[in-house]
Protein chains: 2
Amino acid sequence: MNIGKLTIIGLGLMGGSLAKALKAKGAVDQVWATGRRSASLVRGLELGVIDHWTLDLAEALRDADVVLIATPTLVAEQVMADIAPLLDEKTILTDVASVKGNILRAAEAVFGALPPRFVLGHPIAGSEQSGVEAAKTDLFVDHRVILTPLASNDSAAVQVVREMWQCAGAEVVEMAVDEHDAVLAATSHLPHVLAYTLVDALAASGSAADIFRFAAGGFRDFTRIASSDPTMWHDIVLANQQAILAGLDNFADHLQMVRGLIAEADGPAIKQLFSRAKQARDEHFLGQYMAGRSKPPR
Amino acid sequence: MNIGKLTIIGLGLMGGSLAKALKAKGAVDQVWATGRRSASLVRGLELGVIDHWTLDLAEALRDADVVLIATPTLVAEQVMADIAPLLDEKTILTDVASVKGNILRAAEAVFGALPPRFVLGHPIAGSEQSGVEAAKTDLFVDHRVILTPLASNDSAAVQVVREMWQCAGAEVVEMAVDEHDAVLAATSHLPHVLAYTLVDALAASGSAADIFRFAAGGFRDFTRIASSDPTMWHDIVLANQQAILAGLDNFADHLQMVRGLIAEADGPAIKQLFSRAKQARDEHFLGQYMAGRSKPPR
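Residues numbered from 1 in each chain as written. Chains lettered and ligands numbered in written order. Predicted model: local features only at pLDDT ≥ 70, side-chain atom pairs only at ≥ 80, totals over all residues.

Thoughts on the nonpolar core
A:Leu22, A:Leu68 and B:Leu68 are the most contacted members of the largest nonpolar core, which totals 194 residues. For A:Leu22, the contacting residues outside a window of four places in its chain are A:Ile3, A:Leu6, A:Ala27, A:Val28, A:Met164, A:Cys167 and A:Ala168. (Core = buried A, V, L, I, M, F, W, Y, C linked by C-beta atoms within 7 Å. Buried ≥ 20, exposed ≤ 12 C-beta atoms within 10 Å, placed from the backbone. Contact = placed C-beta atoms within 7 Å.)

Topic: the relation of the copies chain B and chain A
Look at the two chain copies: a rotation about an axis and a shift along it is all it takes to match them. Once chain B has been moved 0.0 Å along the axis and rotated by 180°, it coincides with chain A to within an RMSD of 0.0 Å. The transformation relating the two chain copies, once decomposed into turn and shift, fits a two-fold axis. In terms of C-alpha distance to the rotation axis, chain B has B:Phe222 as its closest residue, with the C-alpha 2.1 Å off the axis. (Least-squares fit on C-alpha atoms with pLDDT ≥ 70 in both.)

Considerations on the sheet that holds strand 9 (residues 171–174) of chain B
Residue and element names in this part refer to chain B. With respect to topology, 3 strands assemble into an open sheet ordered 7-8-9, the strand pairing being mixed. Bordering the open sheet on either side are strand 7 (121–123) and strand 9, each of which pairs with just one other strand. Averaged over all pairs of adjacent strands, the angle between their axes in this sheet comes to 20°, without regard to strand direction. In the sheet, strand 8 (residues 144–147) pairs with strand 9 via 4 bridges, with the strands oriented parallel. Residue pairing across strands places Val-145 opposite Val-172, the latter belonging to strand 9. Contacts from helix 6 (residues 155–167) reach strand 7, strand 8 and strand 9, with the element oriented near 170° to strand 8. (Pairing = 2+ DSSP bridges. Helix = DSSP H or I, 4+ residues; strand = E, 2+ residues; numbered from the N terminus. Axes fitted to C-alpha atoms, helices over the stretch in contact; angles between N-to-C directions.)

Topic: the environment of B:Phe219
Relative to the helices and strands, B:Phe219 resides in helix 9 (residues 217–222). In this structure the C-alpha to C-alpha distance between B:Phe219 and B:Val199, which are 20 residues apart in sequence, comes to 9.8 Å. Ignoring sequence-local partners within four residues, the contact set of B:Phe219 consists of A:Thr187, A:Ser188 and A:Pro191.

Description of the domain arrangement of chain A
All names here are of chain A. Segmentation of chain A into domains returns domain 1 (3–175) and domain 2 (180–265). On a C-alpha basis, the centres of domain 1 and domain 2 stand 31 Å from each other. Broken down by secondary-structure element, the contributors of at least two residues to the side of domain 1 that touches domain 2 are helix 4 (73–83) and helix 5 (101–111). Grouping the amino acids of the side of domain 1 that touches domain 2 by side-chain chemistry returns 5 nonpolar, 6 polar and 1 charged. (Domains from an automatic or database assignment. Nonpolar A, V, L, I, M, F, W, Y, C, P; charged D, E, K, R; others polar.)

Looking at the sheet that holds strand 5 (residues 92–95) of chain A
Residues and elements named next belong to chain A. Across the sheet, which stays open at both edges, the 6 strands sit in the order 3-2-1-4-5-6 with parallel pairing between neighbours. Edge positions in the sheet fall to strand 3 (52–53) and strand 6 (118–119), since each of these pairs with one other strand and no more. Examined bridge by bridge, strand 1 (residues 3–9) and strand 4 (residues 66–69) share 4 bridges and lie parallel to one another. From the neighbouring strand, Ile-9 faces strand 4, where its bridge partner is Ile-69.

Focus on the interface of chain B and chain A
Contacts between the two partners involve 70 residues from chain B, matched on the other side by 70 residues from chain A. Counting only elements with at least two residues in the side of chain B that touches chain A, the list comes to helix 7 (177–204), helix 8 (208–213), helix 9, helix 10 (230–239), helix 11 (241–263) and helix 12 (267–290) of chain B. Top element by residues in the side of chain B that touches chain A is helix 7 of chain B. It accounts for 16 residues. A breakdown of the residues in the side of chain B that touches chain A according to their chemical character gives 42 nonpolar, 15 polar and 13 charged.

Thoughts on the packing of helix 7 (residues 177–204) of chain A against helix 7 of chain B
When two helices pack together, their arrangement is given by the angle between the helix axes and the distance between those axes. Contact geometry for helix 7 of chain A and helix 7 of chain B: axes closest at 12 Å, N-to-C directions at 160°. Overall, the two elements helix 7 of chain A and helix 7 of chain B adopt an arrangement that is roughly antiparallel. Seen from above, helix 7 of chain A lies across helix 7 of chain B with right-handed handedness. Of helix 7 of chain B, the residues touching helix 7 of chain A (which contributes A:Ala186, A:Pro191, A:Leu194, A:Leu198 and A:Leu202) are B:Ala186, B:Pro191, B:Leu194, B:Leu198 and B:Leu202. (Parallel < 35°, antiparallel > 145°, perpendicular 65-115°, else oblique. Left-handed = near helix turned anticlockwise from the far one by under 90°.)

Considerations on the environment of A:Leu41
All names here are of chain A. Within the secondary structure layout, Leu-41 lies in helix 2 (residues 39–46). On the neighbour-count criterion, Leu-41 (23 C-beta atoms within 10 Å) is buried. Put simply, Leu-41 and Gly-12 are 29 residues apart on the chain and 9.1 Å apart in space, counted from C-alpha to C-alpha. Beyond its immediate stretch of four places on either side in the chain, Leu-41 contacts Leu-11, Ala-33, Gly-35 and Trp-53.

Comments concerning helix 2 of chain A
Residue and element names in this part refer to chain A. Looking at helix 2, one finds that the buried residues are Ser-40, Leu-41 and Gly-44. What you see down the axis of helix 2 is that its buried residues fit within an arc of 100°, all on one side. Away from its buried face by more than 90 degrees, helix 2 exposes Ala-39 and Glu-46. Where the residues of helix 2 are buried, they touch helix 1 (13–24), strand 2 (28–34) and strand 3. Once helix 2 finishes, Gly-48 follows within two positions and takes phi at roughly 75°, a positive value. (Arc of directions from axis to C-beta.)

With respect to the pairing of strand 5 of chain A
Residues and elements named next belong to chain A. Of the two faces of strand 5, the one lined by Ile-92 and Thr-94 and the one lined by Leu-93 and Asp-95 are each fully buried. As defined by bridge partners, strand 4 adjoins strand 5 across 4 bridges and the pair is classed as parallel. When the bridges of strand 5 are listed, Val-67 appears paired with Leu-93. Two strands pair when backbone bridges link them, and strand 5 and strand 6 are joined in this way by 2 bridges, in the parallel orientation. The residue bridging Thr-94 from the neighbouring strand is Val-119, located in strand 6. In this region the chain leaves strand 5, passes through helix 5 and returns to the parallel neighbour strand 6; the handedness of that crossover is right-handed. (Right-handed = clockwise from strand over helix to strand, strands pointing away.)

As structure tokens, then:
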């Protein structure tokens, strides 16, 4: 595959890593980047991640073959309104946002309907670091990218976006928009909300210092995601509000059921539930390990 | 410090590691072990972790200076009844159970009141492995051991138990029984219940395979403790029932408050809560790191 001109709107870890990966494979001729401020663009050029930058959106989009929106989730909605009057119908548009339903609704509001060559995507990859300085060629290797095309999408455009991510080393899968948002709410967004909530509940209690003082390794692992970027997670929670509320309610119901078992001291049922959960988790991660997708399970 | 005869009831990771640590320091003359089955006792002798074993409880206790109950939590209650008629009043008795209130209540039921030389203790240390084969000399180094003595305890006995754990490399702190159980419920027992509950809720949902298939690193960390031993955690949940229910209710209330913020799309309040939680967690683990108590925080 070859992309003549790739334009990244919002140059950071994700866009920068894609640019490096495609350049390393010789799969792109020119990488352009644009954004609201020049700092990351200047840095990206210095690092050789991109070839050109401009603050002029029209120049950035002109003759672009593929445009990647890689801004924070809530900014992406505004970016669509900005690019709508400038977008050539031949240009393929895609994005990396963690939630797809709000992007689809915003696109429908801006364009009337999802443009056939706008392919919604979500690479499931990240790092504790952020910014274009942290970009790395292999960020997407052996990671999944979920595309959520509609029936109205141009299949040639979907194929280009698919090959672009495969070229960066990712496994590309397709999913419906609603299914994507529900799955991510369950496996990622809800756990973040639970971890933030637990740490905040403990920090608010009178004996917080003692509580944290005696926290051990299990607590450290369990709450690691509560050290994630609050602004990014605020965006995600607002963007995926309905799926997160549904997941939260399902979890809260399950927790009340478990509370009932503990209150009744129903030992056999408690042991059965804990065993079932351990088995599900062990099989999942052991399965990934056996398939060569991950490090040995812990 | 020197212990003439140390007897371990229930030889596994905890008792075996204490025996190895004390032997390495020359702080014990003879280590005996007893239990219901001989397998781990035979193995402990082969490995040189202990010097003698017997299935005869009376022989194990005879002239013992310190007796350590290191069986699973719920078994410990029965062990007390078994040793009550055999225990010399000069012998110091201690334990390693993760919950202290149920041990205290069981001791009061068996003995009428907590014997002055029965010092309740809880080393906050563990390993993913278990059994006497996994015992290691440095298991308790730089870990905390919480003792929960009552006013009626013999202060000389408390001092011996304190020095025993210090000799094994631990930092010994004292706490009230109720406080210990509330702190451990919040930092350890409740997180385990939440992790088991989340994994079970997801496993029970129709699209479980998809959900686990797209789980990423954050989910893996968050649910690691759901791979813990179900039997051990069943014991702990039953032993610390009231404190866990109180912690669970406090968490569930906090979660409903957070649900309200998400339902109202109250962005500023959500960001403030996430930021507060991140700060509390980062400060705690960074504080431990700065004090040289842990590896660099993640």
